[in-house]
Amino acid sequence: DYFQSGKVNEYGPDLPYDWEHREGQTRATLIDIESVCLPFKKAIDMGCGTGLLVRAMRDRYDVWGYDISEWAVEHADAQAKDRVSVGDARNLQIVADRSVDLVICLDVLEHMSHEDASKALEEMTRIAKKEVVFRVPIARTIEWDLNKDPKALAAPTGDLTHILVVPEEYWLWQIQRHGW
C-alpha cells in the first residue's frame, strides 16, 4: 500500500513508486547528491524501496540497493531488479567495513525508533569509506520546545508512519557519536 496507494492527502495525491511517476524527482535527487558529495564510484542505497534511485545511478556507478520490504524488492523496477535485495539497514553484515564510497539513506530513518535509527547510522558509518547522505524530515526547534514527542511531530509531515521527527541537532549528535 505504501508504494502503490495513489491515496490523496492534504498535500495532493501520493504518486506510485514507479519510474513513470517519479523519474523527474529521482533524477533531481541524483543531481542533488552528485552536487554535494565527493566523487564516488561505489554506492549503496539503504532503504531503496523499489530501486528507482538505483536505476537512475546504475549506468554511471556501481550501485546496490537494500530494503527491508520484501514486497518492494519483489516489485522492484525492472532496470534495477538485479541490484536490489532484501536487507535491513540496522544489520548489513554482508557489506564489509569501509567498502562503499557513498551510503545513501533517503526518507527511511524517520520511520524507525531512536534505537533502530541509531543502529542504522552505526551500520552506515561502518560501511562508508567517504560519505553518508541521509534525508529526514526535521522538527523546528520551536515545535520541539513545545512538544518533545517525535510521533506527535509527524502530523505536519503528512505521514503518520514517521515516528522520529526531531530537530536537526539530534541528527548531528547521532552522526558525531558514530565517529563522523
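Located above this text is the structure these notes cover.
Quick look at the structure, then. Quick caveat, the model's predicted, so the values are computed rather than measured. (Residues numbered from 1 in each chain as written. Predicted model: local features only at pLDDT ≥ 70, side-chain atom pairs only at ≥ 80, totals over all residues. Heavy atoms only, no water.)

1. Notes on the overall build of the protein chain
Along the protein chain, the regular secondary structure elements total 6 helices and 7 strands. Scaling as 2.2 N^0.38, a compact globule of 180 residues should have a C-alpha radius of gyration of about 16 Å, and the protein chain matches this with 16 Å. Its C-alpha atoms give the protein chain principal-axis dimensions of about 45 × 40 × 30 Å. For the protein chain, with 180 residues in total, the buried portion stands at 46%. Here the analysis covers contacts within the protein chain between residues at least 6 apart in sequence; of these, 63% occur between residues at least 24 apart. Distance between charge centroids for the protein chain: 5 Å, based on 21 positive and 32 negative side chains. (Helix = DSSP H or I, 4+ residues; strand = E, 2+ residues; numbered from the N terminus. Rg over C-alpha atoms; globule rule 2.2 N^0.38 Å. Buried < 20%, exposed > 50% of the residue type's maximum accessible area, 1.4 Å probe, protein only. Contact = heavy atoms within 4.5 Å. Lys, Arg positive; Asp, Glu negative; His and termini not counted. Charge placed at Lys NZ, Arg CZ, Asp CG, Glu CD.)

2. A short note on the nonpolar core
Ranked by size, the top nonpolar core spans 29 residues in total, and within it Met46, Leu109, Met124 and Trp171 carry the most contacts. Where this core is concerned, the elements lending two or more residues are β3 (42-46), β6 (100-106), α4 (114-127), β7 (128-135) and α6 (168-177). For this core, the element with the highest residue contribution is α4, accounting for 5 residues. Apart from residues lying up to four places away in sequence, Trp171 is in contact with Leu109, Ala117, Leu121, Phe134, Val136, Ile138, Leu164 and Val166. Judged by nonpolar contacts, the second largest core, of 22 residues, contains Leu30, Cys48, Val73 and Leu106. (Core = buried A, V, L, I, M, F, W, Y, C linked by side-chain atoms within 4.5 Å.)

3. Brief notes about the environment of Thr141
You can see Thr141 is positioned in helix α5 (residues 141-146). With a relative accessible area of 42%, Thr141 lands in the partly exposed category.

4. Topic: the packing of aromatic side chains
According to the stated counting rule, one finds 4 aromatic pairs in the structure shown. Arranged with centres 4.3 Å apart and planes meeting at 20°, the rings of Phe40 and Tyr61 form a pair that is stacked. Note that Phe40 is positioned in the loop between α1 (19-36) and β3 and Tyr61 in the loop between α2 (52-57) and β4 (62-67), a separation of 21 residues in sequence. Using a relative accessible area of 9% as the deciding quantity, one classes Phe40 as buried. Taken together, a centroid distance of 4.9 Å and an interplanar angle of 85° make the contact between Tyr170 and Trp171 edge-to-face. On the accessibility criterion, Tyr170 (15% relative accessible area) is buried. Given a relative accessible area of 3%, Trp171 falls into the buried group. Note that Arg83 overlies the ring of Trp64, its terminal NZ or CZ placed 4.7 Å from the centroid. (Phe/Tyr/Trp six-rings, centres within 6.5 Å; stacked < 30°, edge-to-face > 60°. Lys NZ or Arg CZ within 6 Å of the ring centre and 35° of its normal.)

5. Some thoughts on the pairing of β7
Across 6 bridges, β6 lies against β7 in parallel orientation. From the neighbouring strand, Ile104 faces β7, where its bridge partner is Val133. Following the backbone out of β6, through α4 and into the adjacent parallel β7, one traces a crossover that is right-handed. (Pairing = 2+ DSSP bridges. Right-handed = clockwise from strand over helix to strand, strands pointing away.)

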